[in-house]
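The lines below spell out each chain.
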Amino acid sequence: MVATPYRGEETDDASANVNVRTAFASWARTVFGAPRRPDALITSVKERDELITRVATTVIRRDLVQQRIPTHERRSRSTSPVHEATLDPFRGTMEDLRTRTEHVDRCTPCGGGGIAACPACGGSGRQRCGGCGGSGRVLKHYKKSSKYINCSICRGGGTVGCGGCLSKGTVTCAGCAGSGQQLVWWTYQESIRVVVQISTDSPIVMAHGQLREERFLRPSDLGAFTQFVSVEGAGSIAGGELAPEDDAALRRQTPAIDPQLERIQAQQFLRFGVLRRDVRYEMCGTKGTVVLSGANLVGATTPKAVQPIRRRLILWGITSFLLLIGGTWFITAMSGPTTYFQSVNRVIAFASLIGIAAAIVAVGGLLRALRPGFRFWPASVVDRAAIGISAAAFLLCPVVGYFGKPSPKEVQQAVATGDLDRARITAEALTATESSKQVSDVVDELELAEAERLSGDARLEKLDEIAARNGSHAGDAKARTQRARIEAIEAALQANRSADAAGLLERWSSELSDVPEIGDLKARVFDVQGAACTDDACRFGAARVAKAAHSTPEREATLDKTRRKLCEELDARSIPAGDLLSRVRWLRSQSKLAASARRLGEGDGEVQEKAKAAAVWASSELGKVALIGAPVSVVNEILEREPGSASTGWTELKGVSVYAAMVGGVCTGIYAVGAAQGQRSLYGQDEGLRRLVAQATGRSEVKLPARPASSKTHEVSKWNEGSTPVVARWNDNLLMELRIGTVNL
């Protein structure tokens with residue numbers, strides 16, 4: 001054997017049609033994942049020519065098969081049955097074999113009886129009923145129901161007589177047609193196979209597939225080899241036809257056959273020489289050996305030959321996957337988070353994809369160049385270019401990202417030119433990438449400009465947000481929002497909308513608390529509000545607030561005047577003449593005036609005392625008006641409700657429906673029940689119900705007795721308030737309804 005020098009050019013072999021490098025490259029092109037220019041990875045070439053013997057044997061086999069048919073003959077046609085082991089299927093023809101072996105024998109299925117068990121019922125004479133499936137019951141459907149009844153076919157038994165054997169359980173034997181005898185003889189089935197035995201399991205056999213094919217080879221099949229011996233003939237090759245060493249090889253490679261059933265039909269013996277070159281190459285940190293053989297130096301794809309290629313493919317795939325994941329993360333990390341960075345993000349994404357693609361190519365080249373011992377083949381121009389492109393692409397991304405960042409000056413320029421949309425986009429990008437006082441000030445400046453384009457509450461909310469951040473523009477924003485609020489209140493005053501002005505003043509009290517002129521503004525608001533009041537209590541309250549906010553001699557005089565007039569109104573005890581409804585309404589107005597005076601005159605002892613006395617007097621006078629016997633309009637006025645409504649304005653009767661029974665427009669009775677459907681109980685309404693009974697009867701003192709002792713679930717309590725009957729209905733311990741007077745609803 002001769003070793004080719006390291007990466008040296010081997011000497012062309014005169015017996016080979018191609019040189020080793022060309023043959024190796026041709027083999028590599030048939031292997032998926034083989035690298036570029038694989039011949040550059042060769043480290044050595046060894047000459048290992050082989051001598052191969054191949055024996056192809058055609059074997060014919062005849063398997064004996066016994067044949068049986070029914071017969072009525074009683075005597076054997078041969079002296080005795082022939083045993084299978086004594087038969088030679090190759091002696092004569094198939095007809096001769098039948099003639100020699102034909103005889104009459106007892107039927108095997110029935111044992112000579114001529115009768116066999118019925119295959120349909122298994123010999124029982126009974127079969128499963130098809131009407132009920134063997135259960136004996138069927139479902140009978142009626143007009144409105146259904147039930148199980150006995151099957152009408154099997155009468156509940158589940159089985160019926162077998163039709164195949166007429167319930168006898170036996171039938172005539174099919175094997176002998178009832179005779180009990182069968183005509184028996186032997187025949188055979190013939191098959192042919194070719195057995196190929198080769199003297200070696202060398203990769204050469206894998207490279208040249210025709211050597212493994214189960215057939216005799218033709219001269220054209222051996223063109224790539226040097227043929228030394230070729231013998232072919234019918235039957236086994238005789239020993240005298242071959243040299244002793246070839247004869248011994250023939251005997252070793254001839255397959256073993258069954259002496260009774262098999263014979264060798266033909267045989268071919270070949271001995272030929274094969275040109276072999278073992279090419280070793282290094283890649284991906286390991287070594288591989290490719291066997292090139294034959295005149296054309298055909299390569300054998302063995303595990304040892306493709307090991308470096310497979311390892312490179314696996315590592316390359318794993319590394320490429322990791323590069324894709326890492327590249328995706330890199331693109332995400334380098335990309336800007338807002339729409340401002342769209343163009344920058346496109347450049348970064350494109351450069352990153354170029355870098356990933358180039359890195360994948362570079363990894364493939366590095367794995368190709370890696371030799372055992374962490375040594376490397378010289379990198380190719382493509383590999384060096386891929387490494388450079390990948391590095392440049394990934395380095396370009398942070399540079400593009402740095403120069404693509406926004407600056408505070410950019411926002412200020414956009415605000416100055418009035419392009420607030422562009423300023424907002426830039427400010428969002430700036431906020432997302434940088435946090436500093438300068439950035440906050442620029443954002444505040446932008447929002448001040450945006451606030452000026454808004455109106456109403458939206459503008460105030462925007463300015464309040466800027467002021468709340470306490471930045472360099474907070475003072476300006478606060479001054480603007482205070483000025484806007486004062487202007488809104490002034491506008492409401494000028495439009496004589498005192499209620500709106502008072503509402504705005506109350507709503508913005510905390511925001512305007514440090515405004516110097518807030519006192520005078522508040523006083524003016526309540527001056528206008530007092531002028532619009534419809535009762536003395538309202539005017540008194542407005543005058544008090546105005547004087548407290550900003551006292552002047554005029555406001556003090558107004559307060560004194562309204563106070564005196566209010567006290568005169570509260571001291572009134574003479575009910576104006578008129579019908580009952582007008583007098584009730586006047587008393588209710590006095591109650592409302594007293595309530596307003598107590599609320600607005602807090603801290604004024606005299607007003608409080610007079611208001612309390614007026615409220616007690618008005619309530620007492622209203623209590624004298626009995627609901628029963630009064631017009632319906634008076635009833636609705638006293639119950640403080642609109643006509644047709646079942647609810648009342650009394651806080652003590654919240655959740656209670658009160659109905660008035662009427663005859664000729666006059667109330668004859670009152671009916672009270674819980675307002676919620678499904679919850680009609682009057683539980684917890686005792687105080688309101690007592691007031692209702694008193695008002696209905698015109699009595700100052702009334703009673704509301706407890707449930708009478710009884711074992712009944714439902715109970716009724718009855719009593720009289722003066723001459724007015726009262727009925728209470730109970731469910732267990734819960735009062736469910738109350739009827740006062742005559743109630744027919």
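Everything that follows concerns the structure shown earlier in this document.
Reading guide: rules and limits
- Residues numbered from 1 in each chain as written.
- Predicted model: local features only at pLDDT ≥ 70, side-chain atom pairs only at ≥ 80, totals over all residues.
- Heavy atoms only, no water.
- Helix = DSSP H or I, 4+ residues; strand = E, 2+ residues; numbered from the N terminus.
- Rg over C-alpha atoms; globule rule 2.2 N^0.38 Å.
- Buried < 20%, exposed > 50% of the residue type's maximum accessible area, 1.4 Å probe, protein only.
- Phe/Tyr/Trp six-rings, centres within 6.5 Å; stacked < 30°, edge-to-face > 60°.
- Lys NZ or Arg CZ within 6 Å of the ring centre and 35° of its normal.
- Salt bridge = Lys/Arg side-chain N within 4 Å of Asp/Glu carboxyl O.
- Axes fitted to C-alpha atoms, helices over the stretch in contact; angles between N-to-C directions.
- Parallel < 35°, antiparallel > 145°, perpendicular 65-115°, else oblique.
- Left-handed = near helix turned anticlockwise from the far one by under 90°.
- Contact = heavy atoms within 4.5 Å.
- Nonpolar A, V, L, I, M, F, W, Y, C, P; charged D, E, K, R; others polar.

## A closer look at the overall build of the chain
Phase 1: A count of helical and extended segments in the chain gives 20 helices and 22 strands.
Phase 2: Relative to the globule expectation of 27 Å for 745 residues, the C-alpha radius of gyration of the chain, 59 Å, shows a markedly less compact shape.
Phase 3: In terms of overall dimensions, the chain has a C-alpha envelope of 160 × 100 × 35 Å along the principal axes.
Phase 4: Residue burial in the chain is summarised as follows: out of 745 residues, 42% are buried.

## Describing the packing of aromatic side chains
Phase 1: The full count for this structure, using the stated rule, is nine aromatic pairs.
Phase 2: Each ring, one from Tyr402 and one from Phe403, has its centre 5.3 Å from the other, and the planes form 85°; the classification is edge-to-face.
Phase 3: Owing to a relative accessible area of 67%, Phe403 belongs among the exposed residues under this scheme.
Phase 4: Site record: aromatic cluster; members linked through ring pairs are Phe24, Trp27 and Tyr281.
Phase 5: Above the ring of Trp377, the side-chain terminus of Arg371 is found at 4.1 Å from the ring centroid.
Phase 6: In this structure, Arg691 is placed above the aromatic ring of Trp650, and the distance from its NZ or CZ to the ring centre is 3.7 Å.

## Some words on the pattern of salt bridges
Any two side chains of opposite charge can pair if their charged atoms end up close together.
Phase 1: The final tally for this structure, using the stated rule, is 47 salt bridges.
Phase 2: One salt bridge connects Glu190 with Arg62, and the closest N-O pair in it is separated by 2.8 Å. One end of the pair, Glu190, is in strand E10 (residues 181-198); the other, Arg62, is in strand E2 (residues 50-71), and 128 residues separate them in sequence.
Phase 3: The exposure class assigned to Arg62 is buried, which follows from its relative accessible area of 14%.
Phase 4: Between Glu452 and Arg480 there is a salt bridge whose closest N-O contact spans 2.8 Å.

## Some thoughts on the packing of helix H5 (residues 303-334) against helix H6 (residues 342-369)
Phase 1: For the pair H5 and H6, interaxial distance at closest approach is 9 Å and the crossing angle is 160°. The angle between H5 and H6 places the two elements in the roughly antiparallel class. Note on packing geometry: the crossing formed by H5 with H6 is right-handed. Between H5 and H6, the contacting residues are Arg312, Leu315, Trp316, Thr319, Ser320, Leu323, Leu324, Gly327, Phe330, Ile331 and Met334 on the first element and Ile348, Ala349, Ser352, Leu353, Ile356, Ala359, Ile360, Val363, Gly364, Leu367 and Arg368 on the second.
Phase 2: Taken together, the residues that form the contact of H5 with H6 break down as 15 nonpolar, five polar and two charged.

## Section: the side chain of Asp383
Phase 1: Considering the arrangement of structural elements, one finds Asp383 in helix H7 (residues 381-403).
Phase 2: What Asp383 contacts, discounting residues up to four positions off in sequence, is Arg36, Val361 and Gly365.

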